[in-house]
Amino acid sequence: LVLLRRLEAYGFKSFAERTELEFGRGITAIVGPNGSGKSNISDAIRWALGEQSLRTLRGTRLEDVIFVGSANRRPLGVAEVSLIFDNTDGRLPLDFSEVTITRRVFRSGDSEYYINKTPCRLKDIHDILADTGLGRESMTVIGQNKVDEILSSKPEERRLLFEEAAGITKYKQRKREALRK
Ligand code: ATP
Ligand code: MG
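Keep in mind that this is a model prediction, so the values were computed, not measured.

Definitions and limits used
- Residues numbered from 1 in each chain as written.
- Chains lettered and ligands numbered in written order.
- Predicted model: local features only at pLDDT ≥ 70, side-chain atom pairs only at ≥ 80, totals over all residues.
- Helix = DSSP H or I, 4+ residues; strand = E, 2+ residues; numbered from the N terminus.
- Expected span 1.5 Å × (residues − 1).
- Buried ≥ 20, exposed ≤ 12 C-beta atoms within 10 Å, placed from the backbone.
- Pairing = 2+ DSSP bridges.
- Axes fitted to C-alpha atoms, helices over the stretch in contact; angles between N-to-C directions.
- UniProt positions renumbered as here; feature names shortened; annotations may be inferred.
- Core = buried A, V, L, I, M, F, W, Y, C linked by C-beta atoms within 7 Å.
- Contact = placed C-beta atoms within 7 Å.

A. Region of interest: helix α4 (residues 155-166). Spanning 12 residues, α4 covers 16 Å between terminal C-alpha atoms, matching the ideal 16 Å at 1.5 Å per step. The buried count for α4 comes to 1 of 12 residues, which makes it a mostly uncovered element. At the exit of α4 stands Gly 167, carrying a positive phi of roughly 85 degrees.

Written out as structure tokens, the structure reads:
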């Protein structure tokens, strides 16, 4: 099991302040009034995992995730989210007991990804997450309407979900890459 221990956000959507959330074992529930930023937390998790769909992130431009400013606060120029995973049982293919994935984006549109503070490509993030259940199109974050969407999806689309759950996505990905060479 890959456990999310901590989330650190700065400049991401409504997180104008450097924000740290600690998650224990078991269930964490986030409560708060409408518009207080609950969904922004799940957006931050998806975004840091490499989500590219602006629609999924509830925005229209890449830089929409950057804090836009408020009555008494100036807009920020950068958004950054780090996810710190417990890797004591080695589910992530890296020789560290804690793995930190970081994504940063600037208003210019430049994006940066890091694994344990070392710059990397988005592909490297996808590679280490493949088959952990945290990969692309995985069910790590189930948004509103997703359940309906799955129930009404085409068999071929539903099959992709089962493939991810069964852990064969990695092999299909490698096959595609090999065929492209
Ligand atoms: P609900 O209970 O209605 O689902 P919520 O707690 O999930 O609410 P969110 O959708 O997470 O709320 O937060 C929405 C808030 O985040 C809005 O007030 C919006 O203005 C703010 N927000 C979104 N993007 C940005 C941004 N780039 N800069 C500043 N604030 C932002
Ligand atoms: Mg919400």
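B. Expanded view of the environment of Ala 29. Tracing the chain through its elements places Ala 29 in the loop between β2 (19-22) and α1 (38-48). Here Ala 29 falls in the exposed class, since 5 other C-beta atoms lie within 10 Å of it. For the pair formed by Ala 29 and Thr 100, sequence separation is 71 residues and the distance between their alpha carbons is 22 Å.

C. How the structure looks around the sheet that holds β2. Strand order across the open sheet formed by 6 strands is β2-β1-β3-β4-β5-β6, with antiparallel pairing between neighbours. Either end of the sheet is taken by a strand with one partner, and the two such strands are β2 and β6 (118-120). Neighbour-to-neighbour, the strand axes of the sheet open up by a mean angle of 20 degrees, direction not taken into account. Pairing of strand β5 (residues 111-115) with β6 involves 3 bridges; the strand directions are antiparallel. Each residue of the ladder has a partner; that of Tyr 113, found in β6, is Cys 120.

D. Structural context of the pairing of β5. Where strand β4 (residues 98-106) meets β5, 5 bridges bridge the pair, whose relative direction is antiparallel. Its bridge partner lying in β5, Arg 103 is registered against Tyr 113. Counting the residues between successive antiparallel strands, the hairpin from β4 to β5 contains 4 residues, one of them, Gly 109, with a positive phi of roughly 100 degrees. Counting the residues in the hairpin turn of β5 and β6 gives 2 residues, including Asn 116, whose phi is positive at 45 degrees.

E. Structural context of the UniProt feature "binding site: ATP" (unreviewed entry) in the chain. As recorded in UniProt, the feature "binding site: ATP" (unreviewed entry) lies at Pro 33, Asn 34, Gly 35, Ser 36, Gly 37, Lys 38, Ser 39 and Asn 40. Note that Pro 33 resides in the loop between β2 and α1. Judged by local crowding, Pro 33 falls into the exposed class, with 7 C-beta atoms found within 10 Å. Note on Ser 39: 15 C-beta atoms within 10 Å, which makes it partly exposed.

F. Highlighting the nonpolar core. Judged by nonpolar contacts, the single largest core of 26 residues is most densely connected at Phe 12, Ala 44, Ala 48, Val 81 and Leu 83. Per-element tally for this core: the top contributor is strand β3 (residues 78-86), with 5 residues. The contacts of Ala 44, once residues within four sequence positions are left out, are Leu 7, Ala 9, Phe 12 and Val 81.

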